[in-house]
Amino acid sequence: ELTTHWHKTDRELESAVAKEKFPVICLDERGQELDSISFSSFVFKRLEEGGNRIVFVIGGAEGLPKALKQNPKSKFLSLSKVFEKV
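What this report covers is the structure whose coordinates are included nearby. It should be emphasised that the depicted structure is a prediction, and the values quoted were computed from it without experimental measurement.

1. Structural notes on the overall build of the protein chain
Then step 1. Check the secondary structure of the protein chain and you find 4 helices and 3 strands.
Then step 2. Moving toward the C terminus, one meets the helices and strands of the protein chain in the order α-β-α-β-α-β-α.
Then step 3. The C-alpha atoms of the protein chain give a radius of gyration of 13 Å, which matches the 12 Å a tight globule of 86 residues would have.
Then step 4. Over its C-alpha atoms, taken along the principal directions, the protein chain stretches across nearly 35 × 30 × 25 Å.
Then step 5. Residues classed as buried in the protein chain amount to 29% of the 86 residues present.
Then step 6. Averaging the positions of the 14 positive and the 13 negative side-chain charges in the protein chain gives two centres separated by 4 Å.

Here's what the structure looks like:
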């Protein structure tokens, strides 16, 4: 099951992430770079931690809010390496 939520403001996004009970993966160009195999393992571990649910956060053109980047619950990944051979 895939659910999509759109948050119009940084504040709404930050609030939603703070309330989230599942693991949060933020996609950010400055995040940890993993190849596709490492990315798969990383996501699988998070699925196990979250009872088969995870949350992906994608920021707008300006990137992710600063407060979200300081949230210890969030893990940051860059997809650059995953798609570099595509």
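2. Comments concerning unusual backbone geometry
Then step 1. Although it is not a glycine, Asn52 sits at a positive phi angle of roughly 70°.
Then step 2. Relative to the assigned elements, Asn52 resides in the loop between helix 2 (36-49) and strand 2 (55-58).

3. Focus: the pattern of salt bridges
Then step 1. Within the structure shown, the criterion is met by 2 salt bridges.
Then step 2. The closest approach of N and O atoms between Glu49 and Arg46, which form a salt bridge, is 3.8 Å. Placement of the pair is Glu49 and Arg46 together in helix 2, with a separation of 3 residues, close to one helical turn.
Then step 3. Accessibility expressed as a relative area gives 56% for Glu49, which makes it exposed.

4. Section: the sheet that holds strand 3 (residues 74-78)
Then step 1. Spatial ordering of the open sheet is given by 2-1-3, a layout of 3 strands whose pairing is parallel. A strand with exactly one partner marks an edge of an open sheet, and here the two such strands are strand 2 and strand 3. Across the sheet, the axes of successive neighbouring strands diverge by a mean angle of 45°, strand direction being ignored.
Then step 2. When strand 1 (residues 24-33) meets strand 2, the two strands line up parallel, connected through 4 bridges. Each residue of the ladder has a partner; that of Leu27, found in strand 2, is Ile58.
Then step 3. Sheet strands touched by helix 2: strand 1, strand 2 and strand 3. Its angle to strand 3, the strand with the most contacts, is close to 160°.

5. Observations concerning the environment of Ser15
Then step 1. On the secondary structure map, Ser15 appears in helix 1 (residues 10-19).
Then step 2. Along the chain, Ser15 and Leu68 lie 53 residues apart, while their C-alpha atoms are 9.3 Å from each other.

Parameters at a glance
Per chain, residue numbering runs from 1 following the sequence as it is written. Local features in this predicted model are restricted to residues whose pLDDT is 70 or higher, and side-chain atom pairs enter the listing and the counts only when it is 80 or higher, whereas totals over whole chains, interfaces and linings include all residues. Neither water nor hydrogens contribute to the side-chain values; these are computed over all heavy atoms in the structure. Numbering of helices and strands runs from the N terminus, with a helix taken as a DSSP run of H or I at least four residues long and a strand as a DSSP run of E at least two residues long. Two things to know: the radius of gyration comes from C-alpha atoms, and the globule rule equals 2.2 Å times the number of residues to the power 0.38. Between buried and exposed lies partly exposed: a residue is buried under 20% and exposed over 50% of the maximum accessible area for its type, with that area taken using a 1.4 Å probe on protein chains only. For the purpose of counting charges, residues Lys and Arg are taken to be positive, whereas Asp and Glu are taken to be negative. His and the chain ends are not included. Taken as the charge centre is NZ of Lys, CZ of Arg, CG of Asp or CD of Glu, depending on the residue. By definition, a salt bridge exists where a carboxyl oxygen of Asp or Glu is found within 4 Å of a side-chain nitrogen of Lys or Arg. For two strands to pair, DSSP has to find at least two bridges joining them. Angles run from 0 to 180 degrees between N-to-C directions of axes, and those axes are lines fitted to C-alpha atoms, restricted for helices to the stretch in contact. The contact criterion used throughout is that any non-hydrogen atoms of two residues lie within 4.5 Å.

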